[in-house]
Number of protein chains: 2
Amino acid sequence: MTESAPRTRRSRTASLLPAPEDTGLTGKATINDIARLTGVSKKTVSRVINNSPLVHPETREKVLALMKQLGYTPDPQARGLAFRRSFLIGLVYDNPTAQYIVNMQYGALDALRDSGYELVVHPCDSSKEDYIDGVRRFVQQQKLHGVILIPRVSEDEQLAAALREIGVRYVRIASVPMDAAAHMLVTQDRQASTEAANYIESLGHRTIGLITGPRRYRSTIERGGGFLGGLDARGIKLPPDYIFEGGYTFDSGVAGAEYLLAKSPRPTAIFACNDEMAAGVYKAAMRRGLSIPGDLSVVGFDDSPLAAQLWPALTTIHSPTRDVGRQAAQMLLGEEPSSEAAAVAPRAVNPQLVVRDSTQRPKG
Amino acid sequence: MTESAPRTRRSRTASLLPAPEDTGLTGKATINDIARLTGVSKKTVSRVINNSPLVHPETREKVLALMKQLGYTPDPQARGLAFRRSFLIGLVYDNPTAQYIVNMQYGALDALRDSGYELVVHPCDSSKEDYIDGVRRFVQQQKLHGVILIPRVSEDEQLAAALREIGVRYVRIASVPMDAAAHMLVTQDRQASTEAANYIESLGHRTIGLITGPRRYRSTIERGGGFLGGLDARGIKLPPDYIFEGGYTFDSGVAGAEYLLAKSPRPTAIFACNDEMAAGVYKAAMRRGLSIPGDLSVVGFDDSPLAAQLWPALTTIHSPTRDVGRQAAQMLLGEEPSSEAAAVAPRAVNPQLVVRDSTQRPKG
DNA sequence: CTGAAAGCGCTTACAG
DNA sequence: CTGAAAGCGCTTACAG
């Protein structure tokens, strides 16, 4: 079985005499080498690469053995060109905290390891009118295999619509279902916030403050609403003036606490909808000479590294971000998102309350 | 100028009759469409794409105009296949803090924006014996255009050697030159730490503690050494038992401060070689009822968001990480790293002391 | 279960 | 300054 055109250019590894040394090639072998050395057509090698069932087991074994021996892996660019899509997963996000982004990346990479796929990061500025165009160009230019959307861009219906139009796979990570199950990964923030409310109430607190995120964020509705709902179910109605709309930033946490701690009666506990704002509460409390948790109990949300590093360590809600990233990537790598999966309920993860040292029974 | 083989399969946009509607195609045009519609060969279009000077200005204009009109951008996979390399930049790192990683990513992406290149992240575990193989596979498989190495993997000579062997471009970000100038981006940590020493001495502190990173890190030598050198130049010799080897973690900062604050005489100032450890110093000081900066001045390194969020806000050294990321990516995108650049001194950035509220003159 | 031909969208020699 | 041919390393129809 000689090659058809000896006069054509050939890769270095495809010399006419396959010397034993050829075996030592590092990552340079091509599908042609595998086909020639193993005596089958490249189409059959291609079938092996793509796990087609239409290959005789013996043939498959022979091919796999040589691929392993030569350390052959198919060229993603060539495959991509022929497939008309790449082996890249895009991670698109607006402006979450660094730890959240990094955890999500680690999780996604956990799932991608040894899969032949790689992770391409794409932060963007959703406050710009044309940011969706930027994402679209990114997705189309790179012919991404799939896209992971994390809050807050995951909440943008126009972005999702644009991705649907392109026809790319995508997964939205959000605190509430807002798309077909195949496209959703839900973090049950509401439920966890209710748990925080139950805990604070059970400690005996009755005068309570709440610092939320911006009203336009879905997570604000879930986290803040879950907390209020939890208190309500236990007979505590939070007056509107004990609710402060923050911006998920440290400074807004300071401002919120300054506001709440000036009220009379002064709250004995504050729930901040993320840890950064909770850290701001610490600062405001210290400035006023209030001790935590002696004079004020504080609960956050996220369980960022910051939470354990504050003094006293912050009681907060742990969100399994890395797991979420892993699951999202897995959803993208899975089989066609049609069939059964489509009908099923969206996947969900449950953040959990982590009790540390910033909470106790109120004095007196 | 009709196409040679009307019987061959053609892309949808290449219908025989270029209707006006064809103009509205979104990102589907190919080099063939540009060539046909503009009446030149695809090779000439290719020359325009690659900025070859060997194109008549008028021809170039005509081609560029149509490309713009059709929203054409060359397919990176096809280019990559022909070029035998991709348009991807790899970011390789071990285990820095989240904020550092994210800032570096933002910086690199700043430089890559609209360049046609994308950023692929590759965290790894340098404590594993075979992590270099993992990086090598990553680089070769994706045929990366270049790699950015950030501390601590940037300090690994074996990794650098492996990359040289592969023949891929790379930039090492480190606190001291350790490779050819074309491959180095130096953050002058030593100089900045000396500045911190000068500042602390100038406040009047004479009993001073130092918490370093692990001895095997190059940054430890630079940061710790720069600090000691600065004190020494001003006539202060730090006794060895006022130096604690930490691990760049919050907990090791706590441990270091517990150790130092138990000494007699007790230090009136502590320099921690990163902010996380400085945060640990805060915790230990508070536990002992020591006020910052009244009883103890604290200086950190990094200027992470944490620094501004501590109370009192931490005096620290600001490292322009995002700029560093941007410069590193630019070095990778630049012209061939031969010629002049090679002879020049390595690029360097200078971290700066940021004085906040955690430092003052010692009491008494 | 297997293969020969044509193609994915570009670039590299090579020739003018 | 320009172009026709061959190729990069794979896959898709199509045929057996």
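Structural data are supplied above this passage.
Residues numbered from 1 in each chain as written. Chains lettered and ligands numbered in written order. Predicted model: local features only at pLDDT ≥ 70, side-chain atom pairs only at ≥ 80, totals over all residues. Heavy atoms only, no water.

Q: How do you make sense of the packing of helix 10 (residues 250-261) of chain B against helix 11 (residues 275-287) of chain B when you look at a structure like this?
A: The relative placement of two packed helices comes down to the angle between their axes together with the axis-to-axis distance. Residue and element names in this part refer to chain B. Between helix 10 and helix 11, the least distance of the axes is 7 Å, while the angle of their chain directions is 50°. Here helix 10 lies oblique to helix 11, going by the angle between them. The hand of the helix 10/helix 11 crossing is right-handed. Across from Phe 250, Ser 252, Gly 253, Val 254, Ala 257, Glu 258 and Leu 261 in helix 10, the residues of helix 11 making contact are Glu 276, Met 277, Ala 279, Gly 280, Val 281, Lys 283, Ala 284, Ala 285 and Arg 287. (Axes fitted to C-alpha atoms, helices over the stretch in contact; angles between N-to-C directions. Helix = DSSP H or I, 4+ residues; strand = E, 2+ residues; numbered from the N terminus. Parallel < 35°, antiparallel > 145°, perpendicular 65-115°, else oblique. Left-handed = near helix turned anticlockwise from the far one by under 90°. Contact = heavy atoms within 4.5 Å.)

Q: Is there a simple way to explain the pattern of salt bridges in this structure?
A: Pairing is possible between side chains of opposite charge, provided their charged atoms come close. All names here are of chain A. As enumerated under the stated definition, the model contains 46 salt bridges over all chains in all. Two residues, Asp 110 and Arg 322, come together in a salt bridge whose shortest N-O distance is 2.8 Å. Here Arg 322 lies in helix 13 (residues 321-333) and Asp 110 lies in helix 5 (residues 98-112), a separation of 212 residues in the sequence. Residue Arg 322 is classed as partly exposed on the basis of its relative accessible area of 36%. Two residues, Arg 287 and Glu 258, come together in a salt bridge whose shortest N-O distance is 2.5 Å. Highlighted residues: Arg 287 in helix 11 (residues 275-287) and Glu 258 in helix 10 (residues 250-261), separated in sequence by 29 residues. Given the relative accessible area of 45%, Arg 287 is considered partly exposed. Salt bridges linked by common partners bring Asp 110, Arg 113, Arg 322, Asp 323 and Arg 326 together as one network. (Salt bridge = Lys/Arg side-chain N within 4 Å of Asp/Glu carboxyl O. Buried < 20%, exposed > 50% of the residue type's maximum accessible area, 1.4 Å probe, protein only.)

Q: Would you take a moment to explain the relation of the copies chain A and chain B for this structure?
A: Between the two copies of this chain, the relationship is a rotation about some axis together with a displacement along it. In the superposition of chain A on chain B (RMSD 0.1 Å, axial shift 0.0 Å), the rotation amounts to 180°. Here the two chains are linked by the operation of a two-fold rotation axis. Of the C-alpha atoms belonging to chain A, the one lying closest to the rotation axis is found on Val 120 of chain A, 2.3 Å away. Most of the interface of chain A is mirrored in chain B: 98% of its interface residues are interface residues there too. (Least-squares fit on C-alpha atoms with pLDDT ≥ 70 in both.)

Q: Just to check I follow, could you spell out the environment of Gly 224 of chain B for this structure?
A: Residue and element names in this part refer to chain B. You can see Gly 224 is positioned in helix 9 (residues 218-233). Under the relative-accessibility criterion, Gly 224 is labelled buried at 4%. Taking C-alpha positions, Gly 224 is 54 Å from Lys 68, a pair spaced 156 residues apart along the chain.

Q: Looking at this model, I keep getting lost on the interface of chain A and chain B. Mind explaining?
A: By a widely used convention, the size of an interface equals the accessible area lost when the partners come together. Taken together, the contact between chain A and chain B spans 41 residues of the former and 41 residues of the latter. Of the roughly 3,800 Å² buried between chain A and chain B on both sides combined, carbon and sulfur atoms contribute 55%. Area buried by chain A at its contact with chain B is led by Gln 77, Gln 309 and Trp 311 of chain A, which between them contribute 19% of it. Run the count over chain A and chain B and you get 2 salt bridges. A salt bridge links Lys 143 of chain A to Asp 75 of chain B; the nearest nitrogen and oxygen atoms lie 2.6 Å apart. Here chain A and chain B share 9 residue pairs in polar contact (both at pLDDT 80 or more) between them. At the level of secondary structure, the elements contributing two or more residues to the side of chain A that touches chain B comprise helix 4 (76-83), strand 1 (88-93), helix 5, strand 2 (118-123), helix 6 (131-141), helix 11 and helix 12 (305-309) of chain A. Element by element, the count of residues in the side of chain A that touches chain B is highest for helix 5 of chain A, at 7 residues. (Buried area = accessible area lost by both parts, 1.4 Å probe. Polar contact = N/O pair within 3.5 Å; in protein donor to acceptor, adjacent residues only side chain to side chain.)

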